[in-house]
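Summary of structural features
Residue strings, one per chain:
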Amino acid sequence: MSDPNLNGAQQIPQQVRITAKEFASKFSTKRECFTFLAVDCKAYLPSYDTVTIYFLKDLIAGRKKCKCRWAPR
């Protein structure tokens, strides 16, 4: 069911801060980190086979940059 207050506009995701320990408890494998970035964050990433867990964790920590597929209009 759609929200009548949006009037066809995309809903902007809210930012939530979590601690590293909370993140590590939920996203511990390469697959979970990749899915989090690609699906939840809508990040444009290379294929799963070509990235390392260290690269993904650097993206999550903000030490590396990537392109985002979500763009406000």
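It should be emphasised that the depicted structure is a prediction, and the values quoted were computed from it without experimental measurement.

Let us look at the confidence of the model for the chain. Atom-level detail of predicted coordinates should not be read off regions where pLDDT is low. Here the chain averages 76 in pLDDT, while 71% of its residues score no lower than 70. Across the chain, helix H2 (residues 30-40) holds the top mean pLDDT of 89, while strand S2 (residues 67-68) sits lowest at 62.

Taken as a whole and judged by the stated rule, the model has 2 aromatic pairs. The interplanar angle of 45° and the centroid separation of 4.7 Å between the aromatic rings of Phe-27 and Phe-36 together place this pair among those described as tilted. The pair Phe-27 / Phe-36 is uniform in exposure class, with both members buried. Just above the ring of Tyr-48 sits the side chain of Lys-30; from NZ or CZ to the centre is 4.5 Å. A cation over a ring is seen here: Arg-31 above Tyr-48, with NZ or CZ 3.8 Å from the ring centre.

Glancing now at the nonpolar core. With 13 residues, the main nonpolar core has Cys-33, Phe-34, Leu-37, Leu-45 and Leu-56 as its most contacted residues. Secondary-structure elements contributing two or more residues to this core are H2 and helix H3 (53-61). Setting aside residues no more than four positions away along its own chain, Leu-37 makes contact with Lys-42, Ala-43, Leu-45, Leu-56, Leu-59 and Ile-60.

This brings us to the environment of Lys-65. Counting through the fold element by element, Lys-65 comes out in the loop between H3 and S2. As a C-alpha pair, Lys-65 and Ala-43 span 22 residues in sequence and 9.8 Å in three-dimensional space.

Another aspect to go through is unusual backbone geometry. Residues other than glycine seldom take positive phi values, yet Lys-42 does so here, at roughly 55°. Of note, Lys-42 is situated in the loop between H2 and strand S1 (43-44).

The rules behind each value
Residues numbered from 1 in each chain as written. Predicted model: local features only at pLDDT ≥ 70, side-chain atom pairs only at ≥ 80, totals over all residues. Heavy atoms only, no water. pLDDT = per-residue confidence, 0-100. Helix = DSSP H or I, 4+ residues; strand = E, 2+ residues; numbered from the N terminus. Phe/Tyr/Trp six-rings, centres within 6.5 Å; stacked < 30°, edge-to-face > 60°. Buried < 20%, exposed > 50% of the residue type's maximum accessible area, 1.4 Å probe, protein only. Lys NZ or Arg CZ within 6 Å of the ring centre and 35° of its normal. Core = buried A, V, L, I, M, F, W, Y, C linked by side-chain atoms within 4.5 Å. Contact = heavy atoms within 4.5 Å.

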